[in-house]
Amino acid sequence: MTFIAMLLLAAAVAYGIARFTRAPSVPLLVAAGLALKLLPIEIDEELLEGMLLLGLALLLFAAGAELDERRTRELGRASAIISVVQFLGLGAGGYGIAWLLGYPPLTSFFVALTIAASSSLIAVRLLHQKQQFFEPFGRLTLGVLLIQTVLALIAMAALAQVDQGMPAMESSVLRTLVLGGLALLASRTLTPWLLLRLGLDEETLLLGVLAVLFAFVGLAWTMELPLAIGAFCAGYAVSPFPVNGVIRGQLRSVNDFFLAMFFTALGASFGLPNLTSLLIGVGLALFVLIATPALVSLIGRATGLTSLASVESGLLLAQTSEISLVIALFGRAGGHVSDELFAALTLCAVITMSATPLIAREEVAHLLLRLHPFEHRKDEPLDVSDHLLVLGCGENTFALIEDLLERGFEVVVIDDDAGVVDRLRALGAKAVLGDATNPKILSHVRIDQAKAVLSTLRRVVHHERVAKHAKEVPFITRAFDEAEAAELRKSGEHVVCMAEITTQAFMAWLDERAKQEQAGKEAS
Amino acid sequence: MLYSLGLMIVVSALFVLSFRWLKIPNLLIYMFAGLLLGPGLGLIEASLPGEESHGPIAVISEVGIILLLFLVGLELSFERIRDVGPVAVAAGLGQVVFTAGIGFGLATLLGYEPMSAFFLATALTFSSTVVVVKLLDMRGDLHALYGRIAVGIFLVQDLVVIVALTFLAGLSGSGDPAELDLWSISVDLAWAFGGMALMLVGAVVASKYLLPLPFRWIQRSSEGLLVWSVTWCFAMVLAAEAFSLSPEIGAFLAGVALAQLGCAHDLMRRVHPIMNFFIAVFFVTLGVNMNLGSALDQWSTAIVLSLFVLLGNPLIFMIIITRFGYGEKTSFQTSVTVAQISEFSFIFAQMGVAASLIDEPILSVVAFVGLITISASTYMILYSDQLYAAIAWTGVLRIFFANQEPDVDEAEARPSDHVVVVGMNGLGRRIAAALHARGEAVLAIDVDAAKLTDLPCDTMVGDIDHPDVLDQSGALGAKLVVSALKIENVNNLLAWRCRQAGVPVAIHGFDQSVCADLQELDVTYVLNSKALGAQAMRAKLNALEVHA
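Residues numbered from 1 in each chain as written. Chains lettered and ligands numbered in written order. Predicted model: local features only at pLDDT ≥ 70, side-chain atom pairs only at ≥ 80, totals over all residues. Heavy atoms only, no water.

Asker: Is there a simple way to think about the overall build of chain A in this case?
Answerer: Along the backbone of chain A there are 24 helices and six strands. For chain A, the C-alpha radius of gyration of 26 Å lies close to 24 Å, the compact-globule estimate for 524 residues. Once the C-alpha set of chain A is aligned to its principal axes, its extents read approximately 75 × 70 × 50 Å. Looking at chain A as a whole, 59% of its 524 residues are labelled buried. The centroid of the 39 positive side-chain charges in chain A is displaced by 4 Å from the centroid of its 51 negative side-chain charges. (Helix = DSSP H or I, 4+ residues; strand = E, 2+ residues; numbered from the N terminus. Rg over C-alpha atoms; globule rule 2.2 N^0.38 Å. Buried < 20%, exposed > 50% of the residue type's maximum accessible area, 1.4 Å probe, protein only. Lys, Arg positive; Asp, Glu negative; His and termini not counted. Charge placed at Lys NZ, Arg CZ, Asp CG, Glu CD.)

Asker: How should the packing of helix α3 (residues 45–65) of chain A against helix α13 (residues 243–268) of chain A be read in this particular structure?
Answerer: Geometrically, a packed helix pair is captured by the angle between its two axes and the distance between the axes. Residues and elements named next belong to chain A. As a packed pair, α3 and α13 sit with axes 8 Å apart at the nearest point and diverge in direction by 140°. Judged on the interaxial angle alone, α13 and α3 are oblique. By crossing handedness, the relation of α3 to α13 is classed as left-handed. Between α3, through L48, M51, L52, L54, G55, L56, L58, L59, F61, A62 and A65, and α13, the contact on the second element is made entirely by N244, L251, V254, N255, F258, L259, M261, F262, F263, A265, L266 and A268. Of the residues belonging to the contact of α3 with α13, the class tally is 20 nonpolar, three polar and no charged. (Axes fitted to C-alpha atoms, helices over the stretch in contact; angles between N-to-C directions. Parallel < 35°, antiparallel > 145°, perpendicular 65-115°, else oblique. Left-handed = near helix turned anticlockwise from the far one by under 90°. Contact = heavy atoms within 4.5 Å. Nonpolar A, V, L, I, M, F, W, Y, C, P; charged D, E, K, R; others polar.)

Asker: Whenever I open this one, the packing of helix α19 (residues 395–406) of chain A against helix α24 (residues 529–543) of chain B confuses me. Can you help?
Answerer: At a minimum axis separation of 8 Å, α19(A) and α24(B) run at an interaxial angle of 25°. With respect to α24(B), the element α19(A) is oriented roughly parallel. Two packed elements cross with a definite hand, and for α19(A) against α24(B) that hand is right-handed. Two secondary-structure elements touch here, α19(A) through N396(A), A399(A), L400(A), D403(A) and L404(A) and α24(B) through K530(B), A531(B), A534(B), R538(B) and L541(B). Tallied by class, the residues present in the contact of α19(A) with α24(B) amount to six nonpolar, one polar and three charged.

Asker: Just checking my understanding: could you explain the environment of R270(B) for this structure?
Answerer: The topology assignment puts R270(B) in helix α13 (residues 264–288). Residues R270(B) and S222(B) lie 48 residues apart in sequence; the distance between their C-alpha atoms is 8.9 Å. Residues contacting R270(B), with those up to four places away along its chain left out, are S253(A), S222(B), L225(B) and L226(B).

Asker: I would appreciate a short explanation of the domain arrangement of chain B in the present structure.
Answerer: Accessible area lost during the coming together of the parts is what is often quoted as the interface size. Residue and element names in this part refer to chain B. Looking at chain B, the domain boundaries give domain 1 (2–400) and domain 2 (419–543). Across the contact, five residues belong to domain 1 and ten residues belong to domain 2. Interface of domain 1 and domain 2: buried area, both sides summed, is about 640 Å²; carbon and sulfur atoms make up 41% of it. Summed over the three residues of domain 1 that lose the most area to domain 2, namely Q219, R220 and R269, the buried surface amounts to 71% of that side. (Domains from an automatic or database assignment. Buried area = accessible area lost by both parts, 1.4 Å probe.)

Asker: Hey, could you run me through the nonpolar core in this one?
Answerer: The nonpolar side chains of soluble globular proteins are, as a tendency, buried together. Ranked by size, the top nonpolar core spans 296 residues in total, and within it L60(A), F263(A) and F234(B) carry the most contacts. Counting residues per element, this core draws most heavily on α13(B), at 16 residues. The contacts of L60(A), once residues within four sequence positions are left out, are L153(A), A228(A), A231(A), F232(A), I323(A) and V326(A). Among the nonpolar cores identified, the runner-up in size contains 30 residues, and L435(B), V442(B), A484(B) and L527(B) belong to it. (Core = buried A, V, L, I, M, F, W, Y, C linked by side-chain atoms within 4.5 Å.)

Asker: How should I be thinking about the packing of aromatic side chains in this particular structure?
Answerer: Each aromatic ring pair is specified by the distance between its two centres and by the angle formed by the two planes. Scanning the entire structure with this criterion turns up 16 aromatic pairs over all chains. A ring pair is formed by F258(A) and F277(B), whose centres lie 5.7 Å apart and whose planes are at 85°; its orientation type is edge-to-face. Here F258(A) is found in helix α13, whereas its partner F277(B) is found in helix α13 on a different chain. In this structure, F258(A) and F277(B) share a single accessibility class: buried. Seen in terms of ring centroids, F332(B) and Y388(B) are 5.6 Å apart; in terms of plane orientation they differ by 50°. Their pairing is tilted. A residue pair is termed long-range when its members are at least 10 positions apart, and F332(B) in helix α16 (residues 328–336) and Y388(B) in helix α19 (residues 384–394) qualify at 56 residues. Positioned above the aromatic ring of F342(A), the side-chain terminus of R332(A) is 4.3 Å from the ring centre. The positively charged end of R423(A) is found above the aromatic ring belonging to F398(A), 3.9 Å away from the centroid. (Phe/Tyr/Trp six-rings, centres within 6.5 Å; stacked < 30°, edge-to-face > 60°. Lys NZ or Arg CZ within 6 Å of the ring centre and 35° of its normal.)

Asker: I tried to follow unusual backbone geometry on my own but got confused; where do I start?
Answerer: Both trends apply: most residues other than glycine have a negative phi, and most peptide bonds are in trans. All names here are of chain A. Of note, the amide linkage connecting F241 to P242 takes the cis form, showing an omega dihedral of 0°. Here P242 lies in the loop between α12 (227–237) and α13. Positive phi outside glycine occurs at D386, with the angle close to 50°. Within the fold, D386 resides in the loop between α18 (362–369) and β1 (388–391). Although it is not a glycine, R446 sits at a positive phi angle of roughly 50°. Positionally, R446 belongs in the loop between α21 (439–444) and β4 (452–455).

Asker: How should α19(A) be read in this particular structure?
Answerer: Every α-helix carries 3.6 residues per turn, so stepping three or four residues along brings you back to the same face. The end-to-end C-alpha separation of α19(A) is 18 Å, in line with the 16 Å expected for twelve residues at 1.5 Å each. Along α19(A), the residues classified as buried are N396(A), T397(A), F398(A), L400(A), I401(A), D403(A) and L404(A). Along its buried surface, α19(A) packs onto β1, β2 (411–415), α20 (418–427) and β4 of chain A together with α23 (512–520) and α24 of chain B. Looking one or two places after α19(A), you find G408(A), whose phi comes out positive at around 95°. (Expected span 1.5 Å × (residues − 1).)

Asker: How should empty space enclosed by the protein be read in this particular structure?
Answerer: One simple way to see leftover space: roll a probe sized like a water molecule over the atoms. Enumeration according to the criterion identifies four cavities of 30 Å³ or more in this entry. In this structure, the largest cavity occupies an estimated 110 Å³ of space. Along the walls of the largest cavity sit G249(A), R252(A), S253(A), D256(A), D266(B), R269(B), R270(B), D463(B), H466(B) and V469(B), which together make up its complete lining. Looking at the lining of the largest cavity, the elements with two or more residues in it are α13 of chain A together with α13 of chain B. Partitioned by chemical class, the residues of the lining of the largest cavity number one nonpolar, three polar and six charged. (1 Å grid on protein atoms, 1.4 Å probe; cavity = no way out; pocket = protein on both sides within 12 Å on 5 of 7 lines; lining within 4 Å. Points joined across faces, edges and corners; volume = space filled by probe spheres on them.)

Asker: What's the story with the domain arrangement of chain A in this structure? I'm lost.
Answerer: All names here are of chain A. Splitting chain A by domain gives domain 1 (2–181 + 252–369) and domain 2 (378–507). Of the residues lining the interface, twelve residues belong to domain 1; the matching set on domain 2 comes to nine residues. Together domain 1 and domain 2 conceal approximately 920 Å² of surface at their shared face, both sides included; 46% is due to carbon and sulfur atoms. When residues of domain 1 are sorted by the area they lose upon contact with domain 2, E135, T306 and E362 head the list and together hold 45% of the total. In this structure, the connection of domain 1 to domain 2 is made through zero salt bridges. Across the domain 1-domain 2 interface, the total number found is zero residue pairs in polar contact (both at pLDDT 80 or more). Among the secondary structure elements, those contributing two or more residues to the side of domain 1 that touches domain 2 are α8 (136–160), α15 (307–316) and α18. Sorting elements by how many residues they give to the side of domain 1 that touches domain 2 places α18 first, with three residues. In terms of residue class, the side of domain 1 that touches domain 2 is made up of five nonpolar, four polar and three charged. (Salt bridge = Lys/Arg side-chain N within 4 Å of Asp/Glu carboxyl O. Polar contact = N/O pair within 3.5 Å; in protein donor to acceptor, adjacent residues only side chain to side chain.)

Asker: Can you walk me through the state of the cysteines in this structure?
Answerer: What we call a disulfide is simply a covalent bond connecting the sulfur atoms of a pair of cysteines. For the structure on display, the rule yields zero disulfides over all chains. There is no disulfide at C233(B), and the cysteine sulfur nearest it, in C263(B), is 14 Å away. Note on C233(B): relative accessible area 0%, which makes it buried. C515(B) carries a free sulfur, and the closest cysteine sulfur to it, the one in C393(A), is 15 Å from it. A relative accessible area of 2% places C515(B) in the buried class. (Disulfide = S-S within 2.5 Å.)

See the structure below:
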């Protein structure tokens, strides 16, 4: 019991620091677990292993439950290309580094796989913190992470049989696909019946969810697959809406508890890193931190994203994944990864995960943008004046632009989506593909000669940045709530407060509804 | 470990699903699952907490008990029992005294030596808070008068449990019963009571001065709040162990100290699922370790003791509760809630075995009595209306001279005909204030207590994803539910639940990409803030007299 209390205490300290510094909790939890090694406490190895296995199962289960159809159907070509190229590119780099360090091919392969994928836990947390889930690059990043998780697990299935030769590896991948097929079948039949139609109480619901998890882990065990694959497939079986939503309330606390214990136990499960692991860990971390943004920003731009979105995605993906830790753990259990290398790989994860909030920032993105090869172009300014400049164009802004064009305005629009730009050109607007906060592009569209600027950009900081270039031109922006509106008014903007007008529209709808109900009663 | 755990969970789930129609509480089914997996098929070997060979499963079981006591502590708020305080104290204490006394006599008559008789009597005394609260919840009667009296009584009994556990901790301090003497018992009791007093004072001081500020700070991180509270619980458990007290006492006091904080309800909802998982393992393990053969050898004893619990306990309660002027039906329904022994009884007996104070067959008798009484009382509670009607018809209940006038039930009604507004961002706060100004009864909900300050309407801290919050807010019986949240999956689930319940729902379509799903889910009104924003920008352009 003392050991559990110590794990919890370490986790509590990690969460306290995470809350104070707004840093992600995962690396802090691992570091706190590692710090337990410095205390004179007896580590219960059996319990530690149990916590790791249980935490691992729940971690992968939660990852699988994220594969909601509503999310996966939005995966586009860009997500697929970026995820595969990043996975292969980083993997090749990792293999090369390990090979240069003198590790045997199989161990090098584990190193490659460990640094190839990025962390969902970190990226999702940052996107949530910055409310960027629904920005194009946010959706793209989520898509990339989902595909990478699947790739990593398929690779893990193959590695599970690596000692048995190629046919065994192929058979293992095939069995993984069969288990995935069973999960798909369960997601259509068993889980909706079990978790929705039976109307279970909360306790039984949780029991049912955990039974699905352990049943798939059992199946994976029977099929000689790693338990991680069983847990992930179980998660996929409960991923369709509304099953995933109904179980979320019950599962969240259990997950939060066991993930905290898992990462702390993981930290406590390896020895303090020696100089070699320290050097390897730092070297791999530097590689991930430099290579990922470079690779993703180039590929992203080539697939049609704007330079800013590509760079931001690259920065957000510049860390190794929690799945990587699982793979490293798997390699160590199989004797392919030494304790020293395991410590280095964990250290690499801790460094890159901790660095992500520091580098995934606007300022860094704009700094890197200057180095972007696609940005070194010299477009001539558009031959426009007295035009209306619209910054950013979502679905709702299309109607507005159409109306403005009908009223005879010359409308120039900057948007970072090539598809949107094509649609706008078809409408008759002058559309420019690019980042609307980029001074070069603003100069290209002659912002200072516009009649007015309408900004539908998502972030307050973007409005503020553009407003500086608009000078005397009337600048109309929108803010979500009064706090944002007050911030924007400071820079002299004409602000529409969406919370205010939405409330007015809602109250008007309520009044209308009440009148209709009254009329209905009178008529009857 | 994962193999045993997986087997426990999967078999328990199969059992629970197969026997749902019998409405047996899950914990009973867990024990049956354990009986099958352990003594039945020999698939699992697991030690109980307190035994010397402490495997991971035993640790999980022990964590379950700790979290259960922690939750009971979190529930112990004096506000909840103030109005039923006198009857709860009298009935709670009275029943403990009478049941323990008569139980001791009965056990002695059945041939048990004094220590075993003491443990049996004490085990018969406790009723199960968890079983009863769950059954009252199933009936939707937690807020009914008899439900509140029952909860009050169980809370008083929980205090008695603490005293009993303290005595046990003191008694088992020296380990070997043969070496027990008055002096060592006195010293152990003094050490345990001294520790208990110190921890009680510590808990009170912590709840007033030490905990409020840090917990207010951490509660904006949901994972942080959960881990901090469980860490606090385990810190108190370690302190209790240092005083030779049971871990349960530490956990209980840790819960009480946090119960006074604003985040207590939210915390209960978060800890509850974790406790459910751990405690399931505990009850399965209990079944695994049950020696049915030895229990069946003593079936007549178990039947006699079970009848005493099923009939004797309610009888004692009827006598006490009717003296307080409560109506016959209220007294009857309250009384049948105590017709079972508790999980504490198993723990208590198991601790006695672990401390070598009693023999293992006593644990089996207690488990057998538990199986019988929990099963029977489940049906007694679930069908207490029909049972009362049938017994009242015979006229037997007149012997209690109860008040024949029905009680005015002042139970809190679930809010109804109100508007629930979820998500107190800038939009949510505006809508809640506007609806309140319009004269609507508004309940504003957010996970962050800080966002609920200064609102003119009723407020509630909680996550609308959680069924408890949905239930307590009365959202599925509301006039209208509004969500201003910018979280797609939470909004979609709320929309789905409301439409299933036929409740009108307005959801924030904060991005065009989420609006299609909301329309597919048939929400009554989409708060399309961006579309409205675009219209307002056009109006602003006109107002600024910008022309083509």
